[in-house]
Amino acid sequence: MSDRLRVGIIGAGGIANGAHIPGWKDLGDAVEVVAVADVAKATAERTAAQHGIPGVYESYEEMLQRERPDAVSVCTPNKFHAPAAIAALAAGAHVICEKPPAMLADEARAMAAAAERAGRLLTFGFMYRFSPEVTAAKRYAEAGAFGEIYTGRVTAMRRRGIPSWGVFTNRELQGGGPLIDIGVHMLDSALYVMGYPEPEGVLGATHTKLGDREPGVAPWGPWNHRNYTVEDVCTALIRFQNGAALLLETSFIANIEPMEELNVRLSGTKAGVKFFPFSVFREENGTLVNQEAAWQPESSGYRAEIAHFARCVRGEAELVSTPAEAVKLQRIIEGIYRSAERGQSVSI
Ligand SMILES: NC(=O)c1ccc[n+]([C@@H]2O[C@H](COP(=O)([O-])OP(=O)(O)OC[C@H]3O[C@@H](n4cnc5c(N)ncnc54)[C@H](O)[C@@H]3O)[C@@H](O)[C@H]2O)c1
């Protein structure tokens, strides 16, 4: 590897342009984004022109072969995460793959095995882990401030938040709806703070009652309800081998009060925590107290995640989000969808 990190981008849509490329560019001379690949050639060309990226490809296989990048951002729809990441790892690149890791647990396992085989790093775009709030919660947990965390609630609810762009409502390309798209962020953050306990079983339910109807109020633009093949809402109970349990609720569209609520609440034997805004709840000197951070740094989780990954590639830091965790997360998500389909709880 030369002094400069040579980076390739696979998939040149919203997250590549809005987060990954700016994140890599932020690192200045230490990094060069050498090429971008997108099945839509015009999209790749537009992105390359906008960011001054020299290499433009329709096929990521060709990009990997010709450019041999040191690191690759995988920013495609979920269906292509596993094949693109595995190809990049096999071509000798370290990979940061957007969330969710994949659509299925077996894909996440294959990605982890590919990283192991290639001796390369594989991590995922869980940028909430780099937020001041989740970072604070993790520090408190590691300091033992919460005691044993045994129960909690994971919320990623939107009242009217069906994306009218991209392929977020296409189950075949994404693997599901709000659970795999936004629920996955909050679930990952909760598990991170809990120390990623081993999951045991889940009971899940999904409902599609509104998204497949003619749109009414659509603050994010009218979506294509005829091609709406994902759940509106997912409700689940997740049990872990250590006895802990999490309740999860997530929606793209539901008749609820807030327009959007993304949050995690965890309860431990010594204290509880809410992530946003970061708050700690405990009993102290005979009084129930709520504690909040007086100040937290402003930070972009997206930029921080790329900067951290670059440091990991240089051997200056350890991955925060690992392939082994991704497999556990994907087992839970797949288990919830399987449970919802079967109408009964499943072991995972
Ligand atoms: N971390 C976050 O908060 C966050 C936010 C948005 C999206 N994402 C994730 O990023 C990924 C992409 O989302 P997006 O919003 O950028 O979608 P998008 O639709 O804007 O872009 C996806 C791009 O991938 C291209 N593509 C499709 N198949 C490809 C293939 N086989 N090879 C190369 N390119 C291919 C498409 O042509 C498109 O340009 C998804 O997995 C999504 O979950 C994460």
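A. Local environment of the overall build of the chain. The helix and strand tally for the chain stands at ten helices and 15 strands. Over its C-alpha atoms the chain spans a radius of gyration of 20 Å, differing by no more than 12% from the 20 Å that the globule rule assigns to 348 residues. Along the three orthogonal principal directions, the C-alpha set of the chain runs to about 65 × 50 × 35 Å. Here the chain holds 348 residues, and the buried ones make up 53% of them.

B. Structural context of the nonpolar core. Grouped together as the largest cluster of nonpolar side chains are 75 residues, with contacts concentrated most on Val95, Leu187, Val193, Ile238, Leu246, Leu266 and Phe275. At eleven residues, the largest contribution of residues to this core is made by helix α8 (residues 178-194). Looking at which domains feed residues into this core, each of domain 1 (5-124) and domain 2 (129-302 + 329-347) gives three or more. Those residues in contact with Val95, other than ones at most four positions away along the chain, are Val72, Val74, Ala85, Ala88, Leu89, Leu121, Leu122, Thr123 and Phe309. Formed by 19 residues, the second largest nonpolar core is a distinct cluster that contains Ala12, Ala48, Ala71 and Ala310.

C. The pairing of strand β11 (residues 260-268), seen in detail. In this structure, strand β7 (residues 149-158) lies alongside β11, joined through nine bridges in antiparallel fashion. Among the inter-strand pairings, Arg153 is bridged to a residue of β11, identified as Arg265. Here β11 pairs with strand β12 (residues 272-274) via three bridges, running antiparallel. Residue pairing across strands places Arg265 opposite Lys274, the latter belonging to β12.

D. A look at the sheet that holds strand β13 (residues 279-284). The nine strands are arranged β14-β13-β12-β11-β7-β10-β9-β8-β15 in an open sheet whose pairing can be described as mixed. The sheet terminates laterally at β14 (287-292) and β15 (346-347), the two strands that pair on one side only. As judged from the eight bridges shared by strand β8 (residues 199-207) and strand β9 (residues 233-240), these two strands associate in the antiparallel manner. Considered in β9, the bridge of Gly201 is made with Arg239. α8 rests against β7, β9, β10 (245-251) and β11 of the sheet, and its axis sits at about 150° to β10.

The rules behind the values
Residues numbered from 1 in each chain as written. Predicted model: local features only at pLDDT ≥ 70, side-chain atom pairs only at ≥ 80, totals over all residues. Heavy atoms only, no water. Helix = DSSP H or I, 4+ residues; strand = E, 2+ residues; numbered from the N terminus. Rg over C-alpha atoms; globule rule 2.2 N^0.38 Å. Buried < 20%, exposed > 50% of the residue type's maximum accessible area, 1.4 Å probe, protein only. Core = buried A, V, L, I, M, F, W, Y, C linked by side-chain atoms within 4.5 Å. Domains from an automatic or database assignment. Contact = heavy atoms within 4.5 Å. Pairing = 2+ DSSP bridges. Axes fitted to C-alpha atoms, helices over the stretch in contact; angles between N-to-C directions.

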